[in-house]
Amino acid sequence: MIRTLYARSKQGYRTMPFPPGNDTLPERFLGMPFIADGISGEDIRECVSVCPTGAIDAPGGNISLDLGKCIFCGACDKACAGKAVTFTREYRLASRKRDGLVLSNEPAREEKDPGKNIKHIFGRSLKLRQVSAGGCNACEADINVLNTPGFDLARFGIQFVASPRHADGLVVTGPVTNNMRSALEKTYNAMASPKLVIAVGACAISGGPYIDSAEANNGVDTVLPVDLYIPGCPPHPLTILHGLTSIMERLK
Ligand code: SF4
């Protein structure tokens with residue numbers, strides 16, 4: 001016991017700053033995509049044809065990329081040799097509106113609707129109930145890691161609770177399989193109003209790889225009203241942390 005305490009005291013303070021430093025994200029991290037201007041038809045076709053989830057479309061020759069469907073596999077970047085789509089290291093991807101996730105080579109649309117005044121409603125804390133609605137557990141793993149000393153979610157006043165009766169918000173992962181739909185709706189109905197719904201990951205936003213499956217719905221907003229979309233497959237813990245803190249209007 002004494003040795004454990006001694007070893008712990010030697011470890012010092014390990015909670016990372018947030019927002020994080022520039023060198024926090026790993027080399028292979030793929031963040032916010034950048035879509036180039038003036039792309040040739042051939043490069044567009046290459047990008048669109050390799051996308052496994054139909055996240056890229058090119059109506060009228062202009063590429064649009066739906067972060068809500070993207071699984072960040074990087075295949076489009078490789079296929080067009082970085083001429084049409086490249087991935088930056090920007091981890092802040094969350095949006096309060098579904099169409100805010102659809103990117104083009106036009107300047108980013110400013111979200112004019114501030115949404116609910118979350119800080120006013122919930123004060124300085126946010127209690128969340130998590131439901132895995134048929135996911136593969138990758139998103140759940142990256143949510144769980146927020147509770148470690150490294151990310152220390154509780155320092156922002158955000159905590160996961162066991163009962164929906166105690167929750168202000170519902171964090172949903174997975175495409176909402178038919179088996180889980182009733183459990184999800186019951187959890188939502190058990191929460192007191194006002195309440196938030198947060199969709200985490202490509203499956204929860206659009207169905208992801210399971211899109212149009214007969215056994216699943218195409219994401220949470222086909223079942224419940226969604227207040228925040230956090231894209232990724234899975235989203236990096238910092239992407240989730242940014243989304244959660246931004247909805248509280250605690251950090252800009
Ligand atoms: S990174 Fe996203 S947009 Fe590009 S091919 Fe993969 S899923 Fe499609």
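Residues numbered from 1 in each chain as written. Predicted model: local features only at pLDDT ≥ 70, side-chain atom pairs only at ≥ 80, totals over all residues. Heavy atoms only, no water.

Enquirer: In this structure, what is going on with the site of the ligand? I would like to understand it.
Expert: Near the ligand you find 14 residues, and of these C51, C70, C73, G74 and C76 are the closest. In terms of residue class, the shell around the ligand is built from twelve nonpolar, two polar and no charged. (Near = heavy atom within 4 Å. Nonpolar A, V, L, I, M, F, W, Y, C, P; charged D, E, K, R; others polar.)

Enquirer: It is not clear to me how the sheet that holds strand β8 (residues 169-173) should be interpreted in this structure. Could you clarify?
Expert: Whenever strands of a sheet pair, they do so through backbone hydrogen bonds, lying parallel or antiparallel. Strands sit in the order β7-β6-β8-β9-β10 across an open sheet of five strands; the sheet is parallel. The two strands at the open ends of the sheet, each matched to only one other strand, are β7 (158-160) and β10 (228-230). The average undirected angle you get between the axes of adjacent strands in this sheet is 25°. Two elements, strand β9 (residues 196-200) and β10, share three bridges in a ladder whose sense is parallel. Note on β10: the bridge partner recorded for V200 is I230. The sheet strands contacting helix α8 (residues 237-247) are β6 (126-132), β7, β9 and β10, and the helix crosses β10 at an angle near 165°. (Pairing = 2+ DSSP bridges. Helix = DSSP H or I, 4+ residues; strand = E, 2+ residues; numbered from the N terminus. Axes fitted to C-alpha atoms, helices over the stretch in contact; angles between N-to-C directions. Contact = heavy atoms within 4.5 Å.)

Enquirer: I tried to follow the side chain of D66 on my own but got confused; where do I start?
Expert: Tracing the backbone shows D66 in strand β3 (residues 64-66). The class for D66 is buried, based on a relative accessible area of 10%. A polar contact of 2.7 Å, which involves the side chain of D66, links it to the side chain of R98. If sequence neighbours within four positions are ignored, D66 has contacts with A55, R98, L101 and V102. (Buried < 20%, exposed > 50% of the residue type's maximum accessible area, 1.4 Å probe, protein only. Polar contact = N/O pair within 3.5 Å; in protein donor to acceptor, adjacent residues only side chain to side chain.)

Enquirer: Hey, could you run me through the nonpolar core in this one?
Expert: Side chains of nonpolar character tend, in soluble globular proteins, to be buried together. If you look at the biggest cluster of nonpolar residues, it comprises 39 residues, and the most contacted ones within it are C47, I63, V85, L170 and V220. Setting aside its immediate chain neighbours within four residues, V220 contacts V172, G174, V176, V197, A199, A204 and V226. Core analysis: the second largest hydrophobic core is formed by 26 residues, F29, Y91, L128 and I240 among them. (Core = buried A, V, L, I, M, F, W, Y, C linked by side-chain atoms within 4.5 Å.)

Enquirer: What's the story with unusual backbone geometry in this structure? I'm lost.
Expert: Working note: non-glycine residues mostly have negative phi, and peptide bonds are mostly trans. Following F18, the chain continues into P19 via a peptide bond in cis, with omega recorded as 0°. Relative to the elements of secondary structure, P19 occurs in the loop between α1 (2-11) and β1 (33-35). A cis amide bond, omega -10°, links C233 with the succeeding residue P234. Of note, A81 is a non-glycine position whose phi angle comes to about 50°, a positive value. The exposed category is assigned to A81, whose relative accessible area is 61%.

Enquirer: Just checking my understanding: could you explain helix α6 (residues 178-190) for this structure?
Expert: Owing to its 3.6 residues per turn, the α-helix brings residues three or four apart onto one side. For α6, the complete set of buried residues consists of L184, T187, Y188 and A190. Projected onto a plane normal to the axis of α6, the buried residues spread over an arc of 160° and lie on a single side. Those residues of α6 that are exposed and aimed more than 90 degrees away from the buried face are K186 and N189. Of the surrounding secondary structure, the elements contacted by the buried residues of α6 are β6, β8 and β9. (Arc of directions from axis to C-beta.)

Enquirer: Whenever I open this one, the packing of aromatic side chains confuses me. Can you help?
Expert: Working definition: an aromatic ring pair is given by the centre-to-centre distance plus the angle between the planes. This model, assessed by the stated rule, comprises three aromatic pairs. When the centroid spacing of 6.4 Å and the interplanar angle of 65° are considered together, the rings of F18 and Y91 count as edge-to-face. With F18 in the loop between α1 and β1 and Y91 in the loop between β4 (85-87) and β5 (102-103), this residue pair connects regions lying 73 residues apart in the sequence. The pair formed by F18 and Y91 is uniform in burial state, with each residue classed as buried. (Phe/Tyr/Trp six-rings, centres within 6.5 Å; stacked < 30°, edge-to-face > 60°.)

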